[in-house]
Amino acid sequence: MAYVDGFIAAVPTANKDAYRKHAAEAEPVFKKYGALSVVECWGDDVPEGKVNSLHTAVMRKPDESVVFSWVVWPSRAVRDEAWQKMMDDPAMAEMTMPFDGQRMIHGGFEPILGDPAG
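Just so we're clear, the structure is a prediction, and the values are computed from it rather than from any experiment. (Residues numbered from 1 in each chain as written. Predicted model: local features only at pLDDT ≥ 70, side-chain atom pairs only at ≥ 80, totals over all residues. Heavy atoms only, no water.)

Enquirer: What is the right way to read the overall build of the protein chain from this model?
Expert: Helices and strands together make up the secondary structure of the protein chain, namely four helices and four strands. When its helices and strands are written in sequence order, the protein chain yields β-α-β-α-β-α-α-β. For the protein chain, with 118 residues in total, the buried portion stands at 35%. The positive charge centre, built from 12 side chains, and the negative charge centre, built from 18, are 2 Å apart in the protein chain. (Helix = DSSP H or I, 4+ residues; strand = E, 2+ residues; numbered from the N terminus. Buried < 20%, exposed > 50% of the residue type's maximum accessible area, 1.4 Å probe, protein only. Lys, Arg positive; Asp, Glu negative; His and termini not counted. Charge placed at Lys NZ, Arg CZ, Asp CG, Glu CD.)

Enquirer: Explanation requested: the pattern of salt bridges in the structure shown.
Expert: Think of it this way: side chains of opposite charge can pair up when their charged atoms draw near. Counted under the stated rule, the structure contains eleven salt bridges. Residue Lys21 is joined to Glu25 by a salt bridge in which the shortest nitrogen-to-oxygen separation is 2.7 Å. Of the two residues, Lys21 and Glu25 both sit in helix H1 (residues 16-32), four residues apart, roughly one turn of that helix. One salt bridge in this structure joins Arg79 and Asp80, with 2.8 Å as the shortest N-O distance. On the basis of relative accessibility, which here comes to 36%, the residue Asp80 falls in the partly exposed class. Put simply, Asp5, Arg76, Arg79 and Asp80 are held in one network by salt bridges that share partners. (Salt bridge = Lys/Arg side-chain N within 4 Å of Asp/Glu carboxyl O.)

Enquirer: What exactly am I supposed to notice about the side chain of Arg79 here?
Expert: Following the sequence through the fold, Arg79 ends up in helix H3 (residues 76-88). According to the relative accessible area criterion, Arg79 is buried, its value standing at 13%. Apart from the residues within four sequence positions on either side, Arg79 is in contact with Tyr3, Asp5, Trp73, Gly107 and Gly108. (Contact = heavy atoms within 4.5 Å.)

Enquirer: Please explain the packing of aromatic side chains as it appears in this structure.
Expert: Going through the model one piece at a time under the given rule, you end up with six aromatic pairs. Seen in terms of ring centroids, Phe30 and Trp83 are 5.5 Å apart; in terms of plane orientation they differ by 90 degrees. Their pairing is edge-to-face. One end of the pair, Phe30, is in helix H1; the other, Trp83, is in helix H3, and 53 residues separate them in sequence. Judged by relative accessible area, which is 8%, Phe30 ranks as buried. For Trp83, a relative accessible area of 23% translates into the label partly exposed. (Phe/Tyr/Trp six-rings, centres within 6.5 Å; stacked < 30°, edge-to-face > 60°.)

As structure tokens, this is what we get:
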């Protein structure tokens, strides 16, 4: 069964092109290790919540935008093996993240409805 990694981050709005470039460089590395698809989304209609929201979850600053991304893997086993290989891949080590990675939220998800692999 497919497996999904999800990511939410706050990215300086001025770094949108740099983020797009970073994502474009990372996508082939994910796919090299088995990812079926990589989707990157720049927030343009992300409401502020009264109690909590994506903004507060990533501690977004006024000059930042929320980014939502996901990677679809064939299985959790493929994903687990891929992450170890990607961390050792020189291409990943050379990349500079155009945002504060410490405020990025990420996690792995087992689909319970629908097929993210299409």
